[in-house]
Amino acid sequence: MSINVKNNVFWIGKIDWELRKFHGDEYSTHRGSTYNSYLIKEEKTAIFDTVWAPFAEEYIHNLSQEIELDKIDYVIAPHAEIDHSGALSLLMSHMPDTPIYCTQNGVKSLKGHYHQDWNFNVVKTGDRLSLGQKELIFIEAPMLHWPDSMFCYLTEDNILFSNDAFGQHYASEYMFNDLVDQNELFDECIKYYANILTPFSPLVTKKIKEVLAFNLPLDIICASHGIIWRDRPEQIVEKYLKWSDDYQENQITILYDTMWSGTRVMAEKIAHGISSTDKAVNVKLFNLAKTDKNDVITEIFKSKAILMGSPTINRGILVSVAGILEEVKGLKFKNKKAAAFGCYGWSGESTKIISENLKTAGFELIDDGIKTMWRPDNEGITQCVEYGRQLAAKVRL
Ligand code: FEO
């Protein structure tokens, strides 16, 4: 059941091919995921992370095939979220006095979840734990992506255990980055970054620079989800540096919902105006009521500008549009432009509401947006195409 990572380091996690939703229903996992736990068998033996609670018994059974549980010297708990700590209670019931190494915030969150007074040992950046010939070096990584998060580096083997950072929700029996489909892998990496790490981008840049300044040789990155980075692990570090630096591609994304196709027609005509003016820009349209929200967020992450449209309903906007506006407020996208559009029959508040929300979410408004009455007639269609043309010129790179 284990996979040898390097020398005496073994993957002992769980590949979850069935998973389609994560964080409750909050994050879609079209390609499943993995919960990566690692066993280091030097003169001293350490466990890094466990697995999600539904797989706790299976995990303990498999682990006990690898090592007698009372021979485990140390448990490293880099992050208390349940997908990592879910098997901890069961594990500790077999070895209740074994020391658990975690950050100060790790103690708080582990106690908060499990209400146990285990043998906690608080570590800070630079603290070391001897495994014999090799050492573990701890590196706190607060807000990447929880206050308790921490990395850990294994000397001699030059392995960085990065917990959630550099991970992706991607099930693969191959388990190593050089063996899997690269498009699938990086699609999942950017989706993971966009949806989970975007609000913490300044901290991502800072933490990576701090770790690089240690000048530690790096052979492998063992993240806690998805594949293990053994082939040029620096490639995902470079991607993170790019993504954390107000990332954008030459893309304009048009997001909308529609009742009787009026706002959809507007979206399509604006798109035509943009693409007929700027042949290089990648214009994409998504109906928010029909598209996975995490995929939408990934497309927003890649965009230099977005347009968001809703018809006016009950002096407000459609709920799918309101939902995505709430999401983007929390994600704190930077360096992106935006505008609103929508059709209406009577009062016509939708563009104003959307514009206000986009501004609150940190987008730079391009203008006051565009609205048309009812289903756009020839004049309305012409206005939308012309609006698209002017918008393309305003946001051209
Ligand atoms: Fe993989 Fe933050 O949990």
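Trainee: Describe in detail the overall build of the chain, supporting the description with residues and values.
Mentor: The secondary structure content of the chain amounts to 12 helices and 22 strands. Considering only C-alpha atoms, the chain reaches an extent of 80 × 40 × 35 Å along its principal axes. The buried share among the 397 residues of the chain stands at 57%. Within the chain, residue pairs in contact and separated by at least 24 positions form 71% of the contacts whose partners lie at least 6 positions apart. Taken together, the 42 basic and 54 acidic charged side chains of the chain have centroids lying 8 Å from each other.

Trainee: Break down the sheet that holds strand 12 (residues 128-130) for me, citing the residues and quoting the values.
Mentor: With mixed pairing, five strands are arranged side by side in an open sheet as 12-13-14-15-16. Each edge of the sheet is formed by a strand with only one pairing partner; in this case those strands are strand 12 and strand 16 (220-223). This sheet shows a mean twist of 20° between the axes of neighbouring strands, independent of strand direction. The pairing of strand 13 (residues 135-140) with strand 14 (residues 150-154) spans five bridges and is antiparallel. For Leu136, the partnering residue across the bridge sits in strand 14 and is Leu154. Helix 6 (residues 201-213) rests against strand 13 and strand 14 of the sheet, and its axis sits at about 150° to strand 13.

Trainee: I'd like to hear about the nonpolar core, residue by residue, with values.
Mentor: Leu63, Phe166 and Tyr240 are the most contacted members of the largest nonpolar core, which has 85 residues in total. Considering every element that reaches this core, the biggest residue donor is helix 5 (residues 182-197), with nine residues. Not counting the four nearest positions on each side in its chain, Tyr240 is found in contact with Ala165, Phe166, Gly167, Tyr192, Tyr193, Leu197, Val204 and Ile208. In this structure, Ile15, Leu136, Leu154 and Ile228 belong to the second largest nonpolar core, which totals 27 residues.

Trainee: So what about helix 5? Which residues, and what values?
Mentor: Here helix 5 is 16 residues long and its end C-alpha atoms lie 21 Å apart, about the 22 Å a rise of 1.5 Å per residue gives. Of all the residues in helix 5, the buried ones are Leu185, Phe186, Glu188, Cys189, Ile190, Lys191, Tyr192, Tyr193, Ala194, Asn195, Ile196 and Leu197. On its buried side, helix 5 packs onto strand 5 (27-28), helix 6, helix 7 (234-243), helix 9 (293-302) and helix 10 (319-331). Sitting at the head of helix 5, Asp181 places a side-chain oxygen 2.9 Å from the backbone nitrogen of Asn183.

Trainee: Run through the packing of aromatic side chains, naming residues and quoting values.
Mentor: Following the criterion strictly, the structure yields 18 aromatic pairs and no others. Centre to centre, the rings of Tyr193 and Phe301 are 5.7 Å apart; their planes meet at 40°, and the pair counts as tilted. Of this pair, Tyr193 sits in helix 5 while Phe301 sits in helix 9, placing them 108 residues apart in sequence. Each member of the pair, Tyr193 as well as Phe301, carries the same accessibility label: buried. Here the aromatic residues Phe166, Tyr193, Tyr240, Trp243, Tyr247 and Phe301 are joined through ring pairs into a cluster of three or more. Looking at Lys336, its charged tip hangs above the ring of Phe301, at a distance of 5.9 Å from the centre. In this arrangement the basic side chain of Lys371 is found over the ring face of Tyr344, its NZ or CZ atom lying 5.3 Å from the centre.

Trainee: Summarise the side chain of Ser201; cite the residues concerned and give the values.
Mentor: Its place among the elements puts Ser201 in helix 6. Those residues in contact with Ser201 that sit more than four places away from it in its chain are Tyr193, Trp243 and Ser244.

Trainee: Describe the sheet that holds strand 10 (residues 100-102), naming the residues involved and giving the relevant values.
Mentor: Ordered in space as 1-2-7-8-9-10-11, the seven strands form an open sheet in which the pairing is mixed. Of all the strands in the sheet, the pair left with one neighbour each is strand 1 (3-6) and strand 11 (120-122). The mean angle between the axes of side-by-side strands here comes to 25°, regardless of whether they run parallel or antiparallel. Bridge analysis of strand 1 against strand 2 (residues 9-11) gives three bridges, and the strand direction is antiparallel. Opposite Lys6, over in strand 2, you have Val9 as the bridge partner.

Rules of the game
Residues numbered from 1 in each chain as written. Predicted model: local features only at pLDDT ≥ 70, side-chain atom pairs only at ≥ 80, totals over all residues. Heavy atoms only, no water. Helix = DSSP H or I, 4+ residues; strand = E, 2+ residues; numbered from the N terminus. Buried < 20%, exposed > 50% of the residue type's maximum accessible area, 1.4 Å probe, protein only. Contact = heavy atoms within 4.5 Å. Lys, Arg positive; Asp, Glu negative; His and termini not counted. Charge placed at Lys NZ, Arg CZ, Asp CG, Glu CD. Pairing = 2+ DSSP bridges. Axes fitted to C-alpha atoms, helices over the stretch in contact; angles between N-to-C directions. Core = buried A, V, L, I, M, F, W, Y, C linked by side-chain atoms within 4.5 Å. Expected span 1.5 Å × (residues − 1). Polar contact = N/O pair within 3.5 Å; in protein donor to acceptor, adjacent residues only side chain to side chain. Phe/Tyr/Trp six-rings, centres within 6.5 Å; stacked < 30°, edge-to-face > 60°. Lys NZ or Arg CZ within 6 Å of the ring centre and 35° of its normal.

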